[in-house]
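# Residue-level structural notes
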Amino acid sequence: MRNILIVAGKEFHDGLRNRWVLAITVVFALLAVGLAYFGSAASGFVGVTSLATTLVSLASLAVFLIPLIALLLAYDTVVGERERGTLDLLLSYPLSRSQLLTGKLLGHGLILAVSTAVGFGSAGVLVTLVAREGADMQLLLSFAYFILSATLLGLAFVAIAHLISVTVDEKSRAAGAALVAWFLFVLVFDLLLLGGLVATGGAVGKTVFPYLLLLNPTDVFRLANLGGFEPVRTYAGLASIVVEGTFTPARLLLVLGLWVAVPFGLALWRFRGREL
Amino acid sequence: MTPPVRLENLHKRYGRIQALGGVSLSAREGEVLGLLGHNGAGKTTLMKLVLGLTRPDSGRVEVLGRDPCGGDARGLRRRIGYLPESVGFYGELTGREVLRYFARLKGIGRGASEPLLERLGLAPAADRPVKGYSNGMRQRLGLAQALLGEPALLLLDEPTAGLDPDATRDVYSMLDELRRRGATVILSSHVLAGIERHIDQAAIIGSGRLLASGNLEELGRRAGLGVTIRAGGDWADERRLAVLAERGALVRRRSATEVELRVPGAIKLEILRVLLAFDGIRDVAVEPPSLEMLYDHYGPSTRPAEAPCATS
């Protein structure tokens, strides 16, 4: 455990030093405040709106942004060490491959958690203080849930990036694979699903469709945040259709957790079996 | 006494490339063993096997009495220092931070890094980011991390590659210090010039095979390369050169006042006697065969133009 924490601490320290933490926090904060201010522009109003509106807008944007940031943060985590010549060196120390990878996951997770909590959280506090409509406890809980699920979504993509990083031999290929993963999960998957739904004339039906959404962590995140809580559901529209009764917020968090565990487990298995 | 490193009949393939084909070798305690060979000869693979970073396809590796891939490998790794070839480290971190990170991983106090920064002349640059370091400084930082915890065994992969003469001299003096301290060192190099005074044993490797090993004197004797005698003095009289050549020496006049003789070991003393009998000889130096000569003798007859395998 000690070694895992040492590696995690170094990764976080790296994130502070190369301004990743600062950059992500500022982007998240600006995004959150910007959406809070301009979120209702379509309805002819500009100004700080309610936390519920902000949350819906934020969740819609976060599904694009968080996976991209997480993949960029971690795609070179192992292949970069290999190119730098430090992978052999690290593994010549009393440090196992599992400890190294787990430490890196924790470190990257910490970077995302801090950036998400501070970036989105500060905007949430601001909106709560100055919004026209006050925020009740339920809404604040939704916001906390949003931050937690956003961190888990980020971690899921960090784990996918780790899987890429232990599989390819060159950093440039890892970058390419990370972009492909982003396209697949963020854009292509939903289009395919929609295409399938239309092509089968809706034969896939209400029963299978929600479960197919679980195959994509960004959709799980969407379901969790747009349909999980009553005050948000009112604004969310379509996504709430599939949520009724089937997926509770806790279960969706669990699925997101699985989206962290499975790719990371595969990355560990691949890394441990690989010839250096 | 069991040697700190014992390798028996090691075979290792990476796909279709045979990195090692039946290498047996040992390093004795407190000696510096030089692994010599062209790029891609199998030197790095050998080091990786000693470190337990990879397993042999067949054969046996024993390091400080243990199997480096075995259950107690972590304890073993605390006693080993390793300098990989051209290590870049973490550009954003300072030299001190890098060294402290590795010290923590080795389970030793952060205080251990300070004397090493001093000893390797990095103290003035210790708080600067590593990305601003020269090649020589990075190599010294690499050596500093390899020396953390005073390891009993050090593996240095091409420690002088890409270094300027000053930095190379620093590496060699550090090597001599380690030798005095009694550490066992295995270093690999494809640069032969200047290394012979700093190693006790040489192992010449080519295309994954051990071509020769032993101390330099032994290797020279076995190769029958004899010695080189340099004699300074009055060499105006050509007849003197003819006398030496008649006795079996290969004579080369380097200048009006210096002659170089290549002499088989068996007639070394006889040639020296003749030489010293000449008037006007002011200086005589006898040199064993150089490492270049030994490598030319034992080394692979054909060398690949480029390294065939990135991992070896």
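Residues numbered from 1 in each chain as written. Chains lettered and ligands numbered in written order. Predicted model: local features only at pLDDT ≥ 70, side-chain atom pairs only at ≥ 80, totals over all residues. Heavy atoms only, no water.

Take the overall build of chain B next. The helix and strand inventory of chain B stands at 10 helices and 13 strands. Principal-axis analysis of the C-alpha atoms gives chain B an extent of 70 × 45 × 40 Å. Counting every position in chain B, which comprises 312 residues, the buried fraction comes to 52%. Intrachain contacts of chain B at a sequence separation of at least 6 include 67% that bridge at least 24 residues. Accessible area of chain B: about 13,900 Å², with a carbon and sulfur share of 47%. (Helix = DSSP H or I, 4+ residues; strand = E, 2+ residues; numbered from the N terminus. Buried < 20%, exposed > 50% of the residue type's maximum accessible area, 1.4 Å probe, protein only. Contact = heavy atoms within 4.5 Å. Areas by Shrake-Rupley, 256 points an atom, 1.4 Å probe, with all protein chains shown as cover.)

Below, the discussion takes up the overall build of chain A. What chain A contains, in helices and strands, is 12 helices and zero strands. When the elements of chain A are put in sequence order from the N terminus, they spell out α-α-α-α-α-α-α-α-α-α-α-α. Counting across all 276 residues of chain A, residues that qualify as buried make up 55%. Restricting the contact set of chain A to residue pairs at least 6 apart, pairs at least 24 apart contribute 83%. Summed over all atoms, the accessible surface of chain A reaches about 11,600 Å², with 71% contributed by carbon and sulfur.

Below, the discussion takes up the packing of aromatic side chains. Applying the stated rule across the entire model yields 12 aromatic pairs over all chains. Here the aromatic residues A:F28, A:F120, A:F143, A:F146 and A:F221 are joined through ring pairs into a cluster of three or more. Sitting over the ring of B:Y90, A:K10 keeps its end group 3.4 Å from the ring centre. A cation over a ring is seen here: B:K106 above A:Y93, with NZ or CZ 5.2 Å from the ring centre. (Phe/Tyr/Trp six-rings, centres within 6.5 Å; stacked < 30°, edge-to-face > 60°. Lys NZ or Arg CZ within 6 Å of the ring centre and 35° of its normal.)

Residues A:R2, B:R74, B:R78, B:R104 and B:R110 make up a contiguous surface patch of positive charge. Along the polypeptide, B:R78 turns up in the loop between α2 (73-77) and β5 (80-83). B:R78 sits in the partly exposed class, given a relative accessible area of 42%. (Patch = residues over 30% accessible without salt bridge, like charges linked within 9 Å, V, L, I, M, F, W, Y side chains within 5 Å. Salt bridge = Lys/Arg side-chain N within 4 Å of Asp/Glu carboxyl O. Lys, Arg positive; Asp, Glu negative; His and termini not counted. Charge placed at Lys NZ, Arg CZ, Asp CG, Glu CD.)

Residues and elements named next belong to chain B. If you trace the four strands from one edge of the open sheet to the other, you get β11-β12-β10-β13, paired in antiparallel fashion. Bordering the open sheet on either side are β11 (250-255) and β13 (281-287), each of which pairs with just one other strand. Mean inter-strand twist for the sheet, computed between neighbouring axes without regard to direction, equals 20 degrees. Set on the sheet, helix α8 (residues 238-246) makes contact with β11, β12 (258-263) and β13; between it and β11 the angle comes to about 150 degrees. (Pairing = 2+ DSSP bridges. Axes fitted to C-alpha atoms, helices over the stretch in contact; angles between N-to-C directions.)

Here we come to helix α7 (residues 137-167) of chain A. Across its 31 residues, α7(A) extends 45 Å between first and last C-alpha, which sits within 8% of the 45 Å expected from 1.5 Å per residue. For α7(A), the tally of buried residues reaches 23 of 31 residues, placing the bulk of the element in the interior. (Expected span 1.5 Å × (residues − 1).)

For chain B, the domain assignment lists domain 1 (5-215) and domain 2 (227-287). Taking only C-alpha atoms, the centre of domain 1 of chain B and the centre of domain 2 of chain B are 42 Å apart. (Domains from an automatic or database assignment.)

Within the largest apolar cluster, 169 residues are counted, with the highest numbers of intra-cluster contacts made by A:F120, A:F146, B:L35, B:L46, B:F102, B:L105 and B:I186. The dominant element in this core, judged by the number of residues it contributes, is α7(A), at 17 residues. With residues near it in sequence (within four places) discarded, B:L105 still touches A:N3, A:I6, A:V7, A:L90, A:Y93, A:P94 and A:L95. Within the second largest apolar cluster, 17 residues are counted, among which are B:A231, B:V263, B:L272 and B:I281. (Core = buried A, V, L, I, M, F, W, Y, C linked by side-chain atoms within 4.5 Å.)

Turning to the interface of chain A and chain B, a few remarks are in order. Contacts between the two partners involve 26 residues from chain A, matched on the other side by 29 residues from chain B. Summed over both partners, the interface of chain A with chain B buries about 2,600 Å², with 60% contributed by carbon and sulfur atoms. Counting the surface chain A buries against chain B, the share from its top three residues, A:L89, A:Y93 and A:P94, is 25%. Where chain A meets chain B, there are two salt bridges. (Buried area = accessible area lost by both parts, 1.4 Å probe.)

Before going further, it helps to examine empty space enclosed by the protein. All names here are of chain B. Evaluation of the coordinates by the stated rule reveals one cavity of 30 Å³ or more. If you add up the space inside the largest cavity, you get close to 40 Å³. Per-element accounting of the lining of the largest cavity gives the leading share, three residues, to helix α1 (residues 43-51). For the lining of the largest cavity, the class distribution of residues is eight nonpolar, no polar and no charged. (1 Å grid on protein atoms, 1.4 Å probe; cavity = no way out; pocket = protein on both sides within 12 Å on 5 of 7 lines; lining within 4 Å. Points joined across faces, edges and corners; volume = space filled by probe spheres on them. Nonpolar A, V, L, I, M, F, W, Y, C, P; charged D, E, K, R; others polar.)

Moving on to the pairing of strand β3 (residues 32-36) of chain B. Residue and element names in this part refer to chain B. In terms of burial, β3 is largely enclosed, as five of its five residues are buried. Both faces of β3 are covered, namely the face carrying V32, G34 and L36 and the face carrying L33 and L35. Inspection of the sheet shows β3 paired to strand β7 (residues 184-189) by five bridges, in the parallel sense. Bridge pairing in β7 places V32 opposite V185. As paired elements, β3 and strand β8 (residues 201-206) share four bridges and run parallel to each other. Across the sheet, residue L36 finds its bridge partner in β8, namely I204.

This brings us to the sheet that holds strand β9 (residues 209-215) of chain B. Strand pairing in a sheet takes place through backbone hydrogen bonds and is either antiparallel or parallel in direction. Residues and elements named next belong to chain B. If you walk across this open sheet you meet the six strands as β5-β6-β7-β3-β8-β9, and the pairing is mixed. Of all the strands in the sheet, the pair left with one neighbour each is β5 and β9. Mean inter-strand twist for the sheet, computed between neighbouring axes without regard to direction, equals 15 degrees. By the bridge criterion, five bridges tie strand β6 (residues 153-157) to β7 in an arrangement that is parallel. Of the residues in β7, the one forming a bridge with L154 is V185. Against the sheet, α1 touches β3, β5, β6, β7 and β8, its axis set at about 150 degrees to β6. Against the sheet, helix α5 (residues 135-146) makes contact with β5 and β6, and its axis sits at roughly 165 degrees relative to β5, the strand it touches most.

When the pLDDT values of chain B are averaged, the result is 86; 96% of them are 70 or greater. Every residue in residues 304-312 of chain B scores below 50 in pLDDT, and together they form 19 contacts with partners more than four places removed in sequence or on other chains. (pLDDT = per-residue confidence, 0-100.)

Residues and elements named next belong to chain A. Two numbers describe how helix α6 (residues 97-130) lies on helix α12 (residues 249-273): the axes approach to 10 Å, and their chain directions differ by 145 degrees. For the element pair α6 and α12, the recorded crossing hand is right-handed. Only V260, F264, A267, L268, F271 and R272 of α12 make contact with α6, whose side of the interface consists of R97, S98, L100, L101, T102 and L105. Looking at the contact of α6 with α12 residue by residue, the classes come out as eight nonpolar, two polar and two charged. (Left-handed = near helix turned anticlockwise from the far one by under 90°.)

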